[in-house]
Amino acid sequence: MAEALLAAKELTRRFGGLVAVDRVSLDLHRGEIHALIGTNGAGKSTLINLLAGELAASSGTISFRGEALARLRPERMARLGVGRTFQRSNVFAELSAFENCRLAAQARLPRAWAVHESAQRCETSNTAAARALDTVGLSPRGRAAASELSHGERRGLEIAMCLATDPHVLLLDEPLAGMGTEESRQVLGLLRSLRDGRAILLVEHDMDAVFAVADVITVMADGSVLASGPPERVRNDQAVRAAYLGETI
Amino acid sequence: MSKARPGLLLLALFALVALPALTGKFYVELVAKIMIMAVFAMSLDLLVGVTGLVSLGHAAFFGLSGYMLVLAAPDKYAAVSLWTSLPLAVAASALLALVIGALALRTRGVYFIMVTLAFSQMVYFVFHDTRVAGGSDGTYLYTKPQTNIGSWATFDLANSTHFYYAMLVLLILSLAFLRILLASRFGHALRGIRSNEQRMRALGFNTYAYKLAAFTIAGAIAGLAGYFSAVQFGFVNPEMLSWHQSANVLLMVILGGMGNLIGAIVGAFALVLTQDLFSSLTKHWLLLMGGFVIAAVMLLPHGLTGGGLAWRNRLRGARGG
């Protein structure tokens, strides 16, 4: 199999006595949607925060294109091409949807020293922002303030901002949370189209959605990996069935 | 952010240009002092209003620059050149801001306020408790810096009208520079940091470097103001570096309205002019000042420049209901 874009090896994070993530290994490959499921408190969000550099690991390594990374920081991971969205919408509330995306796109081309150049007229950022908004279908809402967007639209804006940075790896923390059926369907379609050329980690509660789009599924329980593999194998796994007793998988 | 009304700005500019022809020396000197404070307040607005960094130590950069002017003179009767002493003083302030910023920016929120206060108090006590430039008494500067370029006599800083117009130019240039800065990618990133720093980092911005750059630029511009403040009064003492001074300029920014630069200018005018008015009425003027500030903050929570906006919304709301 080809080398993983982003890989975690024996990743562990402790909070005091609690082991939130316990020796988790995970490979994210280009062209794959890798779903991460598990009950509340299984450590999914902690794992995303570790991979995004938001939290430091207690032990274990994270490598990008086969190279182990030391001193992870969110801005460094983002510059490498690891984009993320947040579980709770985390946008610039007072800026318009378009401005949110332009600021995101600007991260690729900071040129902070070029103080004489207007950010508003930056062709590269404007083009990237327009494309990202268009991809998630928010172009008509570009001028609305982010705080005025509906919940579903804000979730879409989260993804658009991430896309505007042109990432190789997408870490999506419950992108469907709180969305209606129609909105969810659209986002799933979007994820399928984004899979080409990118590696996607999808944390999601909606089992139907997960089994509809995922190429690989990892199930977490109490911080460690219960099972990992293609959807069919995970669906029939005894340990997973025991953990999800009563739920139809 | 309130949009600046060009007509109103132009009118204010005309008034400032015409002022020396209309009033006597007292007001010319007072308004020159206000314009210096306005430059100082704008530099703090870059931190507080734009980037969301509440610093309570901004006077350190203002005061250090004034001291540098005095220390640059070989003795206190010898005139130094503006063109060498000004860059030296501003560079010293910028360097101090770079060092203090590098350490203070490792903290956040209320800790940042306390750490900036602590550093500026350290600078204060260096000048207060040592014999450098007169210790706690401060020291005089008997001659203004000379402004000749070669043999060409440009303008005379000892002439209050010349000084007034020099400060008007300084104010306009500082405003123009900061406006351009805010419109650039750098400025947009600073506003992003104020809005949501975590998101900025997740997008790939090294927010620490951005904040440090803003802190250093703000320190340099505060130094610019402090230099001319020392020139105007011909005197420096540790009060220039004190936390009162830091609080005073912070009050100007809050009073005028944060984040739009014009607010800082309006705040400087409002605060100094009301101080002047109240202190001419009664010796208990500080009590009146307190009342004025409380009333302003309660009635105009977005400052004097954001005030129109708040009232318009309120009226619109009333009409709508």
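Residues numbered from 1 in each chain as written. Chains lettered and ligands numbered in written order. Predicted model: local features only at pLDDT ≥ 70, side-chain atom pairs only at ≥ 80, totals over all residues.

Here we look at the overall build of chain B
Summing up its helical and strand segments, chain B has 12 helices and 2 strands in all. Tracing chain B from N to C terminus, the helices and strands come up as α-α-α-α-α-β-α-α-α-β-α-α-α-α. A globule of 321 residues ought to have a C-alpha radius of gyration of about 20 Å, and chain B, at 20 Å, matches this closely. The proportion of buried residues among the 321 residues of chain B is 45%. (Helix = DSSP H or I, 4+ residues; strand = E, 2+ residues; numbered from the N terminus. Rg over C-alpha atoms; globule rule 2.2 N^0.38 Å. Buried ≥ 20, exposed ≤ 12 C-beta atoms within 10 Å, placed from the backbone.)

Describing the sheet that holds strand 9 (residues 216–221) of chain A
Residues and elements named next belong to chain A. What the 6 strands build is an open sheet, ordered 6-7-8-3-9-10; its pairing is mixed. Of all the strands in the sheet, just strand 6 (82–84) and strand 10 (224–229) have a single pairing partner and so form its edges. The sheet shows a mean angle of 20° between the axes of neighbouring strands, taken without regard to direction. Inspection of the sheet shows strand 3 (residues 32–38) paired to strand 9 by 5 bridges, in the parallel sense. Looking across to strand 9, one finds that His34 is bridged to Val216. (Pairing = 2+ DSSP bridges. Axes fitted to C-alpha atoms, helices over the stretch in contact; angles between N-to-C directions.)

Remarks on the confidence of the model for chain B
All names here are of chain B. For chain B, per-residue confidence averages 88 on the pLDDT scale, and residues scoring 70 or more make up 94% of the total. Mean pLDDT across the elements of chain B ranges from a minimum in helix 12 (residues 303–320), with 62, to a maximum in helix 8 (residues 207–233), with 96. Here the predicted complex carries an ipTM of 0.89, next to a pTM of 0.90. (pLDDT = per-residue confidence, 0-100.)

Digging into the packing of helix 4 (residues 123–135) of chain A against helix 5 (residues 151–164) of chain A
All names here are of chain A. One way to put it is that helix 4 packs onto helix 5 with a least axis distance of 8 Å and a crossing angle of 140°. Here helix 5 runs oblique to helix 4, going by the angle between their axes. As for how helix 4 packs across helix 5, the hand of that crossing is right-handed. Residues Ala128, Ala129, Ala132, Leu133 and Thr135 of helix 4 pack against Ala160, Leu163 and Ala164 of helix 5. Grouping the amino acids of the contact of helix 4 with helix 5 by side-chain chemistry returns 7 nonpolar, 1 polar and no charged. (Parallel < 35°, antiparallel > 145°, perpendicular 65-115°, else oblique. Left-handed = near helix turned anticlockwise from the far one by under 90°. Contact = placed C-beta atoms within 7 Å. Nonpolar A, V, L, I, M, F, W, Y, C, P; charged D, E, K, R; others polar.)

Considering the environment of Ser25 of chain A
Residues and elements named next belong to chain A. Its place among the elements puts Ser25 in strand 2 (residues 18–28). Residue Ser25 is classed as partly exposed on the basis of its 14 C-beta neighbours within 10 Å. Here Ser25 is in contact with Ala8, Lys9 and Glu10, once residues within four sequence places are set aside.

Some remarks on the interface of chain A and chain B
Interface extent is often summarised as the accessible area lost during association of the parts. With 29 residues of chain A at the contact, the number on the chain B side is 21 residues. Those elements that provide at least two residues to the side of chain A that touches chain B are helix 2 (74–80) and helix 3 (97–106) of chain A. Sorting elements by how many residues they give to the side of chain A that touches chain B places helix 2 of chain A first, with 4 residues. Its residues assigned to classes, the side of chain A that touches chain B shows 17 nonpolar, 6 polar and 6 charged.

Overview of the packing of helix 2 (residues 25–51) of chain B against helix 6 (residues 160–183) of chain B
Residues and elements named next belong to chain B. Between helix 2 and helix 6, the least distance of the axes is 9 Å, while the angle of their chain directions is 15°. Comparing their axes, helix 6 and helix 2 come out roughly parallel. The chirality of how helix 2 crosses helix 6 is left-handed. On the side of helix 2, the interface is formed by Lys25, Val28, Glu29, Val31, Ala32, Met35, Ile36, Ala38, Val39, Met42, Leu46 and Val50, while helix 6 contributes Ser160, Thr161, Phe163, Tyr164, Met167, Leu168, Leu170, Leu171, Ser174, Leu175, Leu178 and Leu182. Here the residues of the contact of helix 2 with helix 6 are counted per class, giving 19 nonpolar, 3 polar and 2 charged.

Focus on the pairing of strand 8 (residues 199–203) of chain A
Residue and element names in this part refer to chain A. Of all 5 residues that make up strand 8, 5 are buried, and the element is covered over most of its length. Residues Ala199, Leu201 and Val203 of strand 8 are buried on one face, and the alternating residues Ile200 and Leu202, pointing to the opposite face, are buried as well. Pairing analysis gives 5 bridges linking strand 3 to strand 8, with the strands arranged parallel. The partner of Ile33 across the bridge, within strand 8, is Ile200. Here strand 7 (residues 169–173) pairs with strand 8 via 5 bridges, running parallel. The partner of Asp173 across the bridge, within strand 8, is Val203.

Focus on the domain arrangement of chain A
All names here are of chain A. By domain assignment, chain A separates into domain 1 (1–81 + 167–249) and domain 2 (90–164). Placing the centre of domain 1 and that of domain 2 at their C-alpha centroids yields a distance of 26 Å. Between domain 1 and domain 2, the contact holds 10 residues from the first and 8 residues from the second. Broken down by element, the side of domain 1 that touches domain 2 gets its largest block of residues, 3 residues, from helix 6 (residues 181–194). Here the side of domain 1 that touches domain 2 is composed, by residue class, of 6 nonpolar, 3 polar and 1 charged. (Domains from an automatic or database assignment.)

As for the environment of Arg185 of chain B
Its place among the elements puts Arg185 of chain B in helix 7 (residues 185–203). Looking at Arg185 of chain B, the number of C-beta atoms within 10 Å reads 24, which means it is buried. A C-alpha to C-alpha distance of 13 Å links Arg185 of chain B and Val50 of chain B, two positions 135 residues apart in sequence. The residues contacting Arg185 of chain B, other than those within four sequence positions of it, are Gln106, Pro110, Arg111, Ala112, Ala114, Glu117, Ala119 and Cys122 of chain A.

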